[in-house]
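Understanding the architecture of this molecule
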Amino acid sequence: MSFEKFALHEKIFAGVQSQGYKTPTPIQLKSIPPIMEGRDVMGLAQTGTGKTAAFVLPILQRLMQGPHGHVRALIIAPTRELSEQTNEVIGQLGRRTQLRSASIYGGVSIQGQIKKLRNHVDIISACPGRLLDHLGRGTVDLSHVEVLVLDEADHMFDMGFLPDIRRIVKSLPTKRQTLLFSATMPEDVKRLANDLLQNPLEIRIGRTAPVETVSHRFYPVQMDTKTDLLKDLLDHTVREAVLVFTRTKSRAKSVAGRLDKSGYKVISLHGNLTQQKRQKALAGFRDGRYEIMVATDIAARGIDVTNISHVINYDMPETADAYTHRIGRTGRATKTGEAFTFVTAQDAALAYSLKRSLGDKVAYHSVDGLTMAVPAAPASHPGHNRGMKTQNGNGRSFPPKTPGNRSGKQRSFKPAGRRSWSH
Ligand code: AMP
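Moving on: the packing of helix H3 (residues 51–64) against helix H4 (residues 80–93). As a packed pair, H3 and H4 sit with axes 10 Å apart at the nearest point and diverge in direction by 50 degrees. Judged by the angle between their axes, H3 and H4 are oblique. Seen along the crossing, H3 lies across H4 with a hand that is right-handed. For the pair H3 and H4, contact is made by Thr52, Ala53, Phe55, Val56, Leu57 and Leu60 and by Thr86, Val89, Ile90 and Leu93, respectively. Counted by class, the contact of H3 with H4 contains 8 nonpolar, 2 polar and no charged residues.

See the structure below:
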């Protein structure tokens, strides 16, 4: 099936072609027709599935008709990066249309945004806080909005934005189309969807598990050897762009500093940076000036860099959902990716439940002198050792007593002098 079936306006179709999209992704196939019919849609879809184009294309199609120059579509996103990215996608897909879009977020001067809004825009891609600021100043008029999109709704909930969203919605016409996208569906997001969406069509793409195109490795490690292990993996992996996650801003900075000292082309991205520095860092990572980016969760949300071959969890994420989101940064669109996760003894419980939900896709690996024994599964899980068999099923302990048991899965590693076992 091709994009022709959607009968998009020729100028929008030209935008699709300019991006090199040949066939619609599953979320696009399922959601573009009902959105074009004007239905409310609740999309349970992971990041990297092509969901941005899934809502941007029908919005452009709708806005080609009717008056231009009023804000008729509003997209609300949790982070500056995501709203900027969505605005870019609108710019790319809508390049040949006369429609104008703007991104609205904090951390940059409000005056420039006010000027842009005065010059008439048709689509706004915004973060909640700054949008409320504009509403308070009367510098944005949302009374003509026909389509509201809530993107990454679960992140907005995590970040405490749901009350802001309810306040913004009060400034919108009640007669409108509402679309909500979320990788996971916590209770609060369900309630929000119930309140804001009318008779929505629910679309689910895959399970809420990390995207299928990613393979997962766990490395049992002690805190103080994490950086050495990181360098070792970077040195022995065939890779493109690498995104490393740390739990705190200060650790993102210090890990990046250590890698920089060792000669890697690395940049960090975290909430303590000014918006300008964040954008510069992202641009440098995107265009390949930096091969590695060390980031915190918040900073990395919504990042779409297509050539990320590896996500490395230097620190284990706090929840399984956070794992899903981090991993969604690699294996985007049709590419494949690998996720390496450093597991300390404290992370054993989450590692165990991830292992159970991902099954055979996760393997424990070791690196001589740098990794430790696989942490024991929490005692509360009956039969807990089931998921930690050796790859050949011989029940050998970790690390194995005999060398040379190299795993066939270690394709992208230089084999010389290395041993790896899969549990
Ligand atoms: P998203 O989930 O919207 O962040 O999209 C993930 C990536 O997939 C982006 O780099 C898009 O440019 C790309 N993409 C979206 N739709 C398609 C498509 N139909 N074919 C190929 N790539 C796509």
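Before going further, it helps to spend a moment on the sheet that holds strand S14 (residues 362–364). Read across the open sheet, the 7 strands follow the order S10-S11-S9-S12-S13-S8-S14; overall the sheet is parallel. Across the chains shown, the open sheet's two edge strands, defined by having one partner strand only, are strand S10 (266–269) and S14. For this sheet, the mean inter-axis angle between neighbouring strands, taken without regard to orientation, is 20 degrees. Where strand S8 (residues 214–220) and S14 come together, 3 bridges link them in parallel fashion. Looking at the pairing, phenylalanine 218 lines up with tyrosine 364 of S14. Packed on one face of the sheet, helix H10 (residues 226–235) meets S8, strand S9 (241–245), strand S11 (292–295), strand S12 (308–313) and strand S13 (337–343) and runs near 160 degrees to S13. Its contacts with the sheet put helix H14 (residues 320–327) on S8, S9, S12 and S13, and the angle it makes with S12 is roughly 150 degrees.

For the rest of this paragraph, the subject is helix H5 (residues 110–118). Those residues of H5 that sit buried are Ile110, Gln113, Ile114 and Leu117. The arc that holds every buried residue of H5, seen down its axis, measures 105 degrees, which confines them to one face. Those residues of H5 that are buried lie in contact with strand S3 (101–104), strand S4 (123–126) and helix H6 (128–137). The backbone nitrogen of glutamine 111 has a side-chain oxygen 3.1 Å away, supplied by the residue at the start of H5, namely serine 109. Positive phi shows up at histidine 120, right after H5, with a value of about 75 degrees.

To continue, consider the pattern of salt bridges. Scanning the entire structure with this criterion turns up 18 salt bridges. A salt bridge links arginine 167 to aspartate 164; its shortest N-O distance comes to 3.2 Å. Taken together, the residues arginine 167 and aspartate 164, both in helix H8 (residues 162–169) and 3 residues apart, mark about one turn of the helix. Arginine 217 is the salt-bridge partner of glutamate 338, the closest N and O atoms lying 3.7 Å from each other. Of this pair, glutamate 338 sits in strand S13 while arginine 217 is found in strand S8, placing the two residues 121 residues apart along the sequence. No difference in accessibility class separates glutamate 338 from arginine 217, as the two residues are buried.

Strand order in the open sheet formed by 7 strands is S3-S4-S2-S5-S6-S1-S7, and the pairing between neighbours is parallel. Among the strands making up the open sheet, the edge pair consists of S3 and strand S7 (201–204). Between one strand axis and the next, the sheet turns through 15 degrees on average, direction left out of account. One ladder, built from 4 bridges, connects strand S2 (residues 73–76) with strand S5 (residues 147–150); its direction is parallel. Pairing of leucine 74 across the sheet is with leucine 148, part of S5.

This model, assessed by the stated rule, comprises 7 aromatic pairs. Seen in terms of ring centroids, tyrosine 219 and phenylalanine 342 are 6.4 Å apart; in terms of plane orientation they differ by 85 degrees. Their pairing is edge-to-face. Here tyrosine 219 is found in strand S8, whereas its partner phenylalanine 342 is found in strand S13, with 123 residues between them in sequence. The residues tyrosine 219 and phenylalanine 342 share a single accessibility class, namely buried.

Bringing unusual backbone geometry into the picture now. Phi at alanine 7 is positive, roughly 50 degrees, even though this residue is not glycine. With respect to the helices and strands, alanine 7 occurs in the segment before helix H1 (10–18).

Moving on to the packing of H6 against H8. For the pair H6 and H8, the least separation of the axes is 10 Å and the interaxial angle reads 35 degrees. In this structure, H6 crosses over H8, and the sense of that crossing is left-handed. Residues Pro128, Gly129, Leu131, Leu132 and Leu135 of H6 pack against Asp164, Arg167 and Ile168 of H8. Here the contact of H6 with H8 is composed, by residue class, of 5 nonpolar, 1 polar and 2 charged.

Definitions and limits used
- Sequence order as written defines the numbering, with residues in each chain counted from 1.
- The predicted nature of this model means local features are confined to residues of pLDDT at least 70 and side-chain atom pairs, given and counted, to a pLDDT of 80 or more, with totals for whole chains, interfaces and linings taken over all residues.
- By convention in this description, side-chain values take in all heavy atoms of the structure and omit both hydrogens and water.
- Lines fitted to C-alpha atoms define the axes, with helix axes restricted to the stretch in contact, and inter-axis angles between N-to-C directions lie between 0 and 180 degrees.
- A helix here means a DSSP run of H or I that spans at least four residues, while a strand means a run of E at least two residues long, and both kinds are numbered starting from the N terminus.
- Small angles under 35 degrees read as roughly parallel and large ones over 145 as roughly antiparallel, with 65 to 115 read as roughly perpendicular and the rest as oblique.
- Two helices cross in a left-handed way if the nearer one is turned anticlockwise from the farther one by less than a right angle. They cross in a right-handed way if the turn is clockwise.
- Two residues qualify as a contact provided that any one of their heavy atoms is within 4.5 Å of a heavy atom in the partner residue.
- We call Asp, Glu, Lys and Arg charged. Ala, Val, Leu, Ile, Met, Phe, Trp, Tyr, Cys and Pro are nonpolar, and the rest, Gly among them, are polar.
- A pair of strands is treated as paired once DSSP finds two or more bridges between them.
- Each residue is assigned to one of three classes by its accessible area relative to the maximum for its type, calculated with a 1.4 Å probe on protein chains only: buried under 20%, partly exposed between the two thresholds, exposed over 50%.
- The arc in question is formed by the directions pointing from the helix axis toward the C-beta atoms.
- Contacts described as polar in this section are N or O atom pairs within 3.5 Å, which, within protein, must combine one atom able to donate a hydrogen with one able to accept it, while residues neighboring in sequence count only if both atoms come from side chains.
- By definition, a salt bridge exists where a carboxyl oxygen of Asp or Glu is found within 4 Å of a side-chain nitrogen of Lys or Arg.
- Between the rings of Phe, Tyr and Trp (Trp by its six-membered ring), a pair exists once the centres lie within 6.5 Å; its type follows the angle of the planes, with under 30 degrees stacked, over 60 edge-to-face, and the other angles tilted.

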